[in-house]
Amino acid sequence: MDTKAFKRSLQQSENYHRKGFGHEAEVAGVMQTAYQSSLIQQIRDNNYRLERGAVTIRLAEAFGFCWGVERAVAIAYETRQHFPTERLWITNEIIHNPSVNQHLRDMEVGFIAVENGQKNFSVVDSGDVVILPAFGASVQEMQLLNDKGCKIVDTTCPWVSKVWNTVEKHKKRNYTSIIHGQYKHEETVATSSFADKYLIVLNLQEAEYVSNYILHGGDRDEFLAKFSKAYSAGFDPDVDLESVGIANQTTMLKTETETIGKLFEKTMMRKFGPENLNEHFQSFNTICDATQERQDAMLSLVEEKLDLMLVIGGFNSSNTTHLQEIAIDKTVPSYHIDCAERILPGNRIEHKPLGADLVVTEGWLPEGKIVVGVTSGASTPDKVVEDAIDRILAMKAAVVA
Ligand code: SF4
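What counts and what doesn't
Residues numbered from 1 in each chain as written. Predicted model: local features only at pLDDT ≥ 70, side-chain atom pairs only at ≥ 80, totals over all residues. Heavy atoms only, no water. Domains from an automatic or database assignment. Contact = heavy atoms within 4.5 Å. Buried area = accessible area lost by both parts, 1.4 Å probe. Salt bridge = Lys/Arg side-chain N within 4 Å of Asp/Glu carboxyl O. Pairing = 2+ DSSP bridges. Helix = DSSP H or I, 4+ residues; strand = E, 2+ residues; numbered from the N terminus. Right-handed = clockwise from strand over helix to strand, strands pointing away. Phe/Tyr/Trp six-rings, centres within 6.5 Å; stacked < 30°, edge-to-face > 60°. Lys NZ or Arg CZ within 6 Å of the ring centre and 35° of its normal. Buried < 20%, exposed > 50% of the residue type's maximum accessible area, 1.4 Å probe, protein only. Near = heavy atom within 4 Å. Nonpolar A, V, L, I, M, F, W, Y, C, P; charged D, E, K, R; others polar.

**Side note on the domain arrangement of the protein**
Point 1. Domains assigned within the protein are domain 1 (3-27 + 68-156), domain 2 (36-66 + 290-400) and domain 3 (159-287).
Point 2. Taking only C-alpha atoms, the centre of domain 2 and the centre of domain 3 are 34 Å apart.
Point 3. Every contact between the two is made by nine residues of domain 2 and, on the other side, nine residues of domain 3.
Point 4. Of the roughly 800 Å² buried between domain 2 and domain 3 on both sides combined, carbon and sulfur atoms contribute 50%.
Point 5. On the surface where domain 2 and domain 3 come into contact, there are one salt bridge.
Point 6. Taking the shortest distance from any N to any O, the salt bridge between Lys254 and Asp296 comes out at 3.1 Å.

**Some thoughts on the pairing of strand E9 (residues 151-154)**
Point 1. Bridging between strand E1 (residues 16-17) and E9 involves two bridges; their strand directions are parallel. By the bridge assignment, Tyr16 is partnered in E9 with Ile152.
Point 2. Here strand E8 (residues 129-132) runs beside E9; their pairing, made up of four bridges, is parallel. Paired with Val129 across the two strands is Lys151, which belongs to E9.
Point 3. Taking the sense of rotation as the criterion, the β-α-β connection linking E8, helix H6 (residues 139-147) and E9 turns out right-handed.

**Brief notes about the packing of aromatic side chains**
Point 1. Inspection of the entire model under this criterion finds eleven aromatic pairs.
Point 2. Following the ring pairs from residue to residue traces out a cluster consisting of Tyr209, Tyr213, Phe223, Phe227, Tyr231 and Phe235.
Point 3. Over the aromatic face of Phe111 sits the side chain of Arg105, whose NZ or CZ is 4.4 Å from the ring centroid.
Point 4. Over the face of the ring belonging to Phe284 we find Lys169, whose NZ or CZ atom lies 4.6 Å from the ring centre.

**Brief notes about the pattern of salt bridges**
Point 1. Scanning all chains against the criterion turns up 15 salt bridges.
Point 2. Each of Arg87, Asp125 and Asp128 takes part in one network of salt bridges that share partners.

**Focus on the pairing of strand E17 (residues 348-351)**
Consecutive side chains along a regular strand alternate between the two faces of the sheet.
Point 1. Side chains Ile349 and His351 of E17 all project onto a buried face; the interleaved residues Arg348 and Glu350 project onto a face where none is buried.
Point 2. Bridging between strand E16 (residues 343-344) and E17 involves two bridges; their strand directions are antiparallel. Within the sheet, the bridge partner assigned to Leu344 lies in E17 and is Arg348.
Point 3. Between the end of E16 and the start of E17, which pair antiparallel, lie three residues, with Gly346 showing a positive phi angle near 75°.
Point 4. Where E17 meets strand E18 (residues 359-362), four bridges bridge the pair, whose relative direction is antiparallel. In the strand pairing of E18, His351 is matched with Val359.

**Some remarks on the site of the ligand**
Point 1. Around the ligand, a shell composed of Cys66, Gly68, Val69, Cys157, Trp159, Thr250, Cys288, Thr291 and Ala378 is seen.
Point 2. Looking at the shell around the ligand, its residues break down into six nonpolar, three polar and no charged.

**A short note on the environment of Gly355**
Point 1. Note that Gly355 resides in the loop between E17 and E18.
Point 2. Since its relative accessible area comes to 78%, Gly355 is described here as exposed.
Point 3. Once the C-alpha coordinates of Gly355 and Thr321 are considered, the two residues, 34 residues apart in sequence, prove to be 9.2 Å apart.

This is the structure in structure tokens:
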């Protein structure tokens, strides 16, 4: 399929929208009350620090809602204003945040259900309005909705579109796109749908396996079994790793994406010689600024003397999980929660350790004076961070009293 031509024709269609509808003023109020917080603004103004009684809160200097998410949420709300009576759908959670998604449900925006691993689009009719989330949608989904005669409101973040353009460039040169990401993540599903040949690697370990295969060959069946859900139809590691381009899920750990890019650059240089590198390797910087800033801020925060770190964001949010990884790397005790309600009375917290199920930890706030580092993922509103901080302050105040 000529994905580039399809996107071009879609973008010219009168059923396709990728900007707001001029109702900024109407939605500004909801955005403000639902997502912004005066306490957080106060902490920002005070050098990202708050001292109350025995508690010092240290907020990361970049955290929370990124502009791509804020833009997507605002466009989604404007869509309801613009199409007050039409049936409205969204192909997926607009962002990985429970409170935002609840707001959309309250506005009677339907979520397309997943049944037996497939999205059930049979509920969508011609004339319905369908919102595509911030992390995009696959080209097949766009085509299906377009064929059905739906109005499409595309909130895909421009950073994500930039990765899609990169993949188109790989395709033009007949390169295989090596995508650093999670093969199940919606953004990576969408990105791979624009590629012709692709291979998805989750981490440096997998990238090293592929690099080793390129340099020394190996067991083809083992390779195909190892990446069974992570390559394009008909992919053959003996043929399709001659020329590669690097792409990434925008929310991956930035340092890891960079290391993987360098690894493949070196690999191709060793295999084909530095003078032939351009024929075998292509890489553009497609790490999103917001992800980068949040990770950098976290890296500097964990250098401080913290008693613990609270990481707030959806449990299926990739960028939030990466923030927690940074705390774990520095051996700072860290608690990943998705909403303030996880902080329970009696000094307990229900949280998700990395790669494990939810657990309840008792006595998570140490006695005496404490310094708590706080950060949140790109899809977490400030209001949620405020509520979590309030609960910590109340808990410590109760202990002192
Ligand atoms: S994290 Fe980056 S790529 Fe994702 S929505 Fe935000 S700005 Fe866009």
